[in-house]
Amino acid sequence: MSKHADTLPDDLVELGRVVSAYGVKGWIKVQPHSAQADVLRAVARWWLVAPGPAGRGNAAARAHAVQHCRVHGASAVAQLEGIADRDQAEALKGSSVWVSRSAFPKAAEDEYYWVDLIGCAFYSSADGQARRLGVVEEVLENAAHAILRVVCQTEDGQPLLDAKGRAREMLVPFVRAHVQAVDLEARRIDSDWPLED
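Residues numbered from 1 in each chain as written. Predicted model: local features only at pLDDT ≥ 70, side-chain atom pairs only at ≥ 80, totals over all residues. Heavy atoms only, no water.

Within an unreviewed UniProt entry, the label attached to the protein reads Ribosome maturation factor RimM, and the organism entered is Bordetella genomosp. 12. In its Sequence similarities (unreviewed entry) section, UniProt records this for the protein: "Belongs to the RimM family." (UniProt positions renumbered as here; feature names shortened; annotations may be inferred.)

So, in structure tokens, the structure goes:
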């Protein structure tokens, strides 16, 4: 049965949002944030956080055992323990869906969860010497491959700004042609991405 969280895991990752009820028996429809939404189907417990300014880590966070979950087009549909009818499911609309990072299935070799790439230092050896270009701020998905949004920084971690005073950014395809190595323990990604002046 769902319950108020006594202790919220400190490694929660937001994976999607409840967009509607699905059917009349309490199922919900979830729009995943990433193409790696298989995690939603693989874990036994979700944490739902009601919409509003309080956000994650408040009394509105509720743990729900996942009874069934399957892919439905670009979405996922799920039945959660304790949610037995359409009205209860509709009441969850707008809630964000969080999962403990420790519950994620092990990634296959040469595959990475986007959440693990965020915050990694991004290096390029395009000129033969490894240079720190910035930090991965976000991972975007398109039809062909993931794209790293890298916020540009100096070697000592200071932000590089454009002419208007905004942080400079690069979009780097996360493909073998440009990314030579990912070291999650060292929080480092090595590439051959061209250096900018």
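**Q** Outline the UniProt feature "domain: Ribosome maturation factor RimM PRC barrel" (unreviewed entry) in the protein, supporting the account with residue identities and numerical values.
**A** Under the present numbering, the feature "domain: Ribosome maturation factor RimM PRC barrel" (unreviewed entry) in UniProt falls on residues 114–195. Measuring from the first to the last C-alpha atom of residues 114–195 gives 24 Å, for a span that is 5% helix and 44% strand. (Helix = DSSP H or I, 4+ residues; strand = E, 2+ residues; numbered from the N terminus.)

**Q** Go over the pattern of salt bridges, please, and point to the residues and values.
**A** In total, this model carries 10 salt bridges according to the counting rule given. E14 is the salt-bridge partner of R17, the closest N and O atoms lying 3.1 Å from each other. Note that R166 is salt-bridged to D162, the shortest N-O span being 3.1 Å. For R166, a relative accessible area of 49% translates into the label partly exposed. Residue classification places D162 among the partly exposed residues on the basis of a relative accessible area of 26%. Several salt bridges share partner residues, and in doing so they unite E138, R149 and E169 into one network. (Salt bridge = Lys/Arg side-chain N within 4 Å of Asp/Glu carboxyl O. Buried < 20%, exposed > 50% of the residue type's maximum accessible area, 1.4 Å probe, protein only.)

**Q** Got a sec to walk through the environment of A121? Specific residues and values, please.
**A** By the element assignment, A121 lies in strand β8 (residues 121–124). Assessed through its relative accessible area of 11%, A121 is described here as buried. Counting along the chain gives 113 residues from A121 to L8, while the straight-line C-alpha distance between them is 29 Å. Not counting residues within four places of it along the chain, the set of residues in contact with A121 comprises R132, G134, V135, R187, R188 and I189. (Contact = heavy atoms within 4.5 Å.)

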